[in-house]
Amino acid sequence: MQIKDLTFEELQSFLKEFQLPGYRAQQIFDWIYQKKSFDWQEMTNLPQSIRRELTEKGLVIAALKPVTSVTGSDGTTKYLFELSDGERIESVFLPEQHRNTVCFSTQVGCGMGCAFCATGKNGLIRNLTTAEIVDQIVRIATITGTRITNVVAMGQGEPFANYEALLKAIRILNHSQGLALGARRITISTCGIVPGILKLAEEPFQVNLAISLHAAEDQLRERLMPINKVYPLKALMAASKSYLAKTGRRITYEYALIDGVNDRPQDQVNLVQLLSGMLCHVNLIPLNPVTGTPFQRSRSDRISGFAAALNEAGIETTIRKERGSTLAAACGQLQSKRLERP
């Protein structure tokens, strides 16, 4: 059993089965999430008999094996981790002056098939466990020696396709005895899974929601994002408005600008019409290059012009600062390394 699969309350219940007091859960969580320990023998305030018993019961601390990493000139680092079954995932560390962000994966591969994204090229292999999600953040904090201040479910996979494991991971990350990450420092990015948006609106967490939009009319969005055939824009926007009504929290819409595809004047008009009057923010993303796709990023003047048009229409818009594109670590570039073993 992976201990990072357990919430604080679940660990208390687990220990109670062995007649161990609840405060032992606090000690263990402190060692794992504050001291970043991966070895029972380091937990010196636990009696040796307890450490031996937990080891004998097969309670495992580590869920990931670091394989390699590559760092860019701006400090952005892409990590490759191996899972217990030999599958591999990528995670990204983005250090800034006042924050340290981890972009984490929720699946091995992805089944959404977005036309401009590398992750789905091999399809969905499997969901990650809660432990495999949480351990990405813990491992990167340990390796970098930094305090992680922000996390984003925007790595490999569609987060809402692995909803239960993701939400359990968020409970651990958010818990005062876990990593104590404020909910507003946690962002979930979805390609537009309507049931997931509606379920998140009912959760007690004040996490941030980002929706990958990339087109403001159905025909084009279906070409770029096959999920639009299942949840077309009408359903997606209805879910967005329901989410806003229940939470009052602003939604971020992500829009990757593709030369001659979704950056035309009519695309600006369509996007303004779609989002006018909504509590939202548009994050324009200069498309990151992905080998094997025909798409190219928009020209810089079109990007700035697109942003200006949206802002003039009263829709708060920013252009995402490029991080990690030279490492193939930027949005849409992460991919399963399943076949890339020596």
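Everything here concerns the structure above.
Analysis parameters
- Residues numbered from 1 in each chain as written.
- Predicted model: local features only at pLDDT ≥ 70, side-chain atom pairs only at ≥ 80, totals over all residues.
- Heavy atoms only, no water.
- Helix = DSSP H or I, 4+ residues; strand = E, 2+ residues; numbered from the N terminus.
- Rg over C-alpha atoms; globule rule 2.2 N^0.38 Å.
- Contact = heavy atoms within 4.5 Å.
- Axes fitted to C-alpha atoms, helices over the stretch in contact; angles between N-to-C directions.
- Parallel < 35°, antiparallel > 145°, perpendicular 65-115°, else oblique.
- Nonpolar A, V, L, I, M, F, W, Y, C, P; charged D, E, K, R; others polar.
- Buried < 20%, exposed > 50% of the residue type's maximum accessible area, 1.4 Å probe, protein only.
- Arc of directions from axis to C-beta.
- Phe/Tyr/Trp six-rings, centres within 6.5 Å; stacked < 30°, edge-to-face > 60°.
- Pairing = 2+ DSSP bridges.
- Right-handed = clockwise from strand over helix to strand, strands pointing away.

Asker: Would you mind showing me how to read the overall build of the chain here?
Answerer: Across its full length, the chain carries 10 helices and 12 strands. In terms of C-alpha radius of gyration, the chain reaches 21 Å, essentially the compact-globule figure of 20 Å for 342 residues. Overall size of the chain, expressed as C-alpha extent along the three principal axes, is 70 × 50 × 35 Å. For the chain, long-range pairs separated by at least 24 residues make up 66% of all intrachain contacts whose partners lie at least 6 apart in sequence.

Asker: Teacher, can you tell me more about the packing of helix α6 (residues 194-201) against helix α8 (residues 233-247) here?
Answerer: Here α6 crosses α8 at 5°, and the two axes come no closer than 9 Å. Taken together, the axes of α6 and α8 lie roughly parallel to each other. Residue-level contacts link Val194, Ile197, Leu198, Leu200 and Ala201 of α6 to Ala235, Leu236, Ala239, Ser242, Tyr243, Lys246 and Thr247 of α8. Looking at side-chain class alone, the contact of α6 with α8 contains 9 nonpolar, 2 polar and 1 charged residues.

Asker: Looking at this structure, I do not really get the environment of Ile285. What am I missing?
Answerer: In this fold, Ile285 is placed in strand β11 (residues 280-286). Taking C-alpha positions, Ile285 is 25 Å from Leu200, a pair spaced 85 residues apart along the chain.

Asker: How should α6 be read in this particular structure?
Answerer: Side chains three or four residues apart in an α-helix point the same way, a direct result of the helix having 3.6 residues per turn. The complete set of buried residues in α6 reads Val194, Gly196, Ile197, Leu200 and Ala201. The buried side chains of α6 occupy one side of the element, clustering within an arc of 165° when seen end-on.

Asker: For this particular structure, what's the right way to read the packing of aromatic side chains?
Answerer: Geometrically, a pair of aromatic rings is defined through the distance of the ring centres and the angle of the planes. Evaluated as defined, the whole model comprises 6 aromatic pairs. Here Phe8 and Phe29 contribute two aromatic rings whose centre-to-centre distance is 5.3 Å and whose plane-to-plane angle is 80°, an arrangement assigned as edge-to-face. Of this pair, Phe8 sits in helix α1 (residues 8-16) while Phe29 sits in helix α2 (residues 23-34), and the two are 21 residues apart along the sequence. A single burial state applies to Phe8 and to Phe29, both of which are buried. Arranged with centres 5.2 Å apart and planes meeting at 65°, the rings of Phe14 and Phe18 form a pair that is edge-to-face.

Asker: So what exactly am I meant to see when it comes to the pairing of β11 here?
Answerer: Within a regular beta strand, the side chains point alternately toward one face of the sheet and then the other, so they alternate between its two faces. Buried residues dominate β11, accounting for 7 of its 7 residues. Examined bridge by bridge, strand β10 (residues 251-257) and β11 share 7 bridges and lie parallel to one another. Each bridged residue has a counterpart across the sheet, and for Tyr253 the counterpart in β11 is Val282. With respect to chirality, the unit in which β10 leads through helix α9 (residues 265-275) into the neighbouring parallel β11 is right-handed. With 3 bridges connecting them, β11 and strand β12 (residues 317-319) associate as parallel partners. Along β12, the bridge assignment pairs Val282 with Thr317. Considered for its hand, the β-α-β crossover made up of β11, helix α10 (residues 300-312) and β12 is right-handed.

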